[in-house]
Amino acid sequence: MESASLDFLARRTPKQAYQIPDTDCLVVPESILNVRKDTTNWKTVTMPHSTVDTLSILDEVKANQETLRSRLAGAISEPPPGVAESALPSVPLIDLSKSFSNDLPARQEIASQIREACTTSGFFQISNHQITETAINDILKQAEHFFHDLTPTQKDALHIRHNKLFRGYEAGADTYVNPDDNNPTETEIETKEGYNFGYEPSLDPTSPTATSYVELDGQPPSPPSRCNVWPDPSLLPAFKPAIATYYAQILSLARHLFRLFALSLNLEESYFDALTTHPGGIGRLLYYPPQSPTQLAHKTHKLGLGAHTDYECFTLLLSTSHPGLEILFPPSELTNNKPIWRPCPIRPGTLTVNVADFLMRWTNGLYKSTIHRVVSRPCRNERGEMVGSEARYSVPFFFSINYDADVEPLPEGAVGVSRVKNLRAGEYVLERLRATV
Ligand SMILES: O=C(O)CCC(=O)C(=O)O
Ligand SMILES: [Fe+2]
């Protein structure tokens, strides 16, 4: 075995204070990248090419889990004594205004900010994104109605177990986004409740190829178990209209962002356009119930959603202004070489964007898919009394390319020689979803 030349890492933008040696930043499961990390000295070593050629999707999912496990090992939640919070990594804010202009250099400037974020933290927040306040308020209001106004029986009728594509309602113990958490005692069950929906032609009325949409498994959507499941309109009349309005806007923003991602990779701006004509776009309503001081007694935190990376190309996350989302930044000298959980900043009016695994593997690890989780933490009020955590609602939108598209490696000039097997996005995402139950 010899040292792998991770040439794509050499093109990274200059290191910031918190960053660590390049090889330690590698977040692609090593067996996927045809390299394996020696966990004692973090050296990367080449594996024979035959290994990657024969790696099945299931092997890849397994390798992903191993990498998740090793990256979580020894994680800390507080900076070491004497280290200021401000010295630690955070999530950059990118103002998208200029990205909507007709001026290519202005768009390129935003693209380079995106590249900087994607090659370092893998997370950024966006302002002036053109999603309307009405669309945002309405979908968050409908999330509240869904989780509080439907009875357990009405929610159960929409349960994901009736659906082959994980659409519909799920509660804390039904899925574990980190499969290692899927063996909880009663008190460790995740607190989240969710409702999942995906692309359907009626949600993308302006696309000429919307009706060509195929599902995660490559088949056209078909009722009753291979399509979206909507609550009865007589129970929640404004629900589907609010989802449809938000979906149309977020889809358009995701396509716009993909053009900026193309520019950020020094590709033609339209590079991904033909691949996102009827794309995978899974939306989720999530509710994390408040936790009382008693529920949080003696706990540093209660898990809302386990530590994970997302599966698709990138995620656009809307949430209420309640804390909970935490991001795992890689080890650095400042953290005594331990990975550290940092809260995602609360910046009202912004959306949070993070690179997900499919784009990470497609870019040969250049763009980082970063581990994150949602937790409820006890806190003190201004009188110093322990109070519980408030409820949090969020709406992630997981954006993929067309599930029927044959995925070619990205140009070598952009990301180096591809070291991953070509997979269709749908088959990859479906296998990741299957691992959560
Ligand atoms: O609820 C959140 O803030 C994050 C949700 C998330 O990470 C996910 O659903 O993948
Ligand atoms: Fe996530």
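Refer to the structure printed above.
This is a predicted model, so every value here is computed, not measured.

**A short note on the pairing of strand β13 (residues 372-376)**
When you tally the buried positions in β13, you get 5 out of 5 residues, the bulk of the element. Along β13, one buried face is formed by His 372, Val 374 and Ser 376 and the opposite face, lined by Arg 373 and Val 375, is buried too. In this sheet, β13 lies alongside strand β8 (residues 302-308) in antiparallel orientation, the contact comprising 4 bridges. The residue of β13 that forms the bridge with Lys 302 is Ser 376. Sheet topology places strand β10 (residues 325-329) next to β13; 3 bridges connect them, and they run antiparallel. Bridge pairing in β13 places Leu 325 opposite Val 374.

**As for the site of ligand 1**
As a structural note, the neighbourhood of ligand 1 is formed by 13 residues, with Tyr 288, His 308, His 372, Arg 392 and Ser 394 the closest of them. Side-chain polar atom of Tyr 288 to an oxygen atom of ligand 1: 2.6 Å apart, as the coordinates give it. At 2.9 Å, a side-chain N or O of His 308 approaches an oxygen atom of ligand 1. Coverage of ligand 1 by the protein amounts to 97% of the 290 Å² it exposes when considered alone. More than half of the atoms of ligand 1 fall within 2 Å of the grid points belonging to the largest cavity. The set of elements that each furnish at least two residues to the shell around ligand 1 consists of β7 (279-288), β8, β13 and β16 (392-402).

**Section: the side chain of Gln 65**
Along the chain, the position of Gln 65 falls in helix α3 (residues 57-72). On the accessibility criterion, Gln 65 (12% relative accessible area) is buried. Setting aside its immediate chain neighbours within four residues, Gln 65 contacts Asn 178, Pro 179 and Asp 180.

**Digging into the sheet that holds β10**
Adjacent strands of a sheet form backbone hydrogen bonds with each other and so pair up, either parallel or antiparallel. Taken in spatial order, the 4 strands line up as β8-β13-β10-β11 in an open sheet, and their pairing is antiparallel. Edge positions in the sheet fall to β8 and β11 (340-343), since each has one partner strand and no second. When strand polarity is set aside, the average angle formed by the axes of neighbouring strands in this sheet is 30 degrees. Contacting β8, β10 and β11, α3 crosses the sheet at an angle of about 120 degrees to β8.

The rules behind each value
- Residues numbered from 1 in each chain as written.
- Chains lettered and ligands numbered in written order.
- Predicted model: local features only at pLDDT ≥ 70, side-chain atom pairs only at ≥ 80, totals over all residues.
- Heavy atoms only, no water.
- Buried < 20%, exposed > 50% of the residue type's maximum accessible area, 1.4 Å probe, protein only.
- Helix = DSSP H or I, 4+ residues; strand = E, 2+ residues; numbered from the N terminus.
- Pairing = 2+ DSSP bridges.
- Near = heavy atom within 4 Å.
- Polar contact = N/O pair within 3.5 Å; in protein donor to acceptor, adjacent residues only side chain to side chain.
- Areas by Shrake-Rupley, 256 points an atom, 1.4 Å probe, with all protein chains shown as cover.
- 1 Å grid on protein atoms, 1.4 Å probe; cavity = no way out; pocket = protein on both sides within 12 Å on 5 of 7 lines; lining within 4 Å.
- Sits in = over half its atoms within 2 Å of the grid points.
- Contact = heavy atoms within 4.5 Å.
- Axes fitted to C-alpha atoms, helices over the stretch in contact; angles between N-to-C directions.

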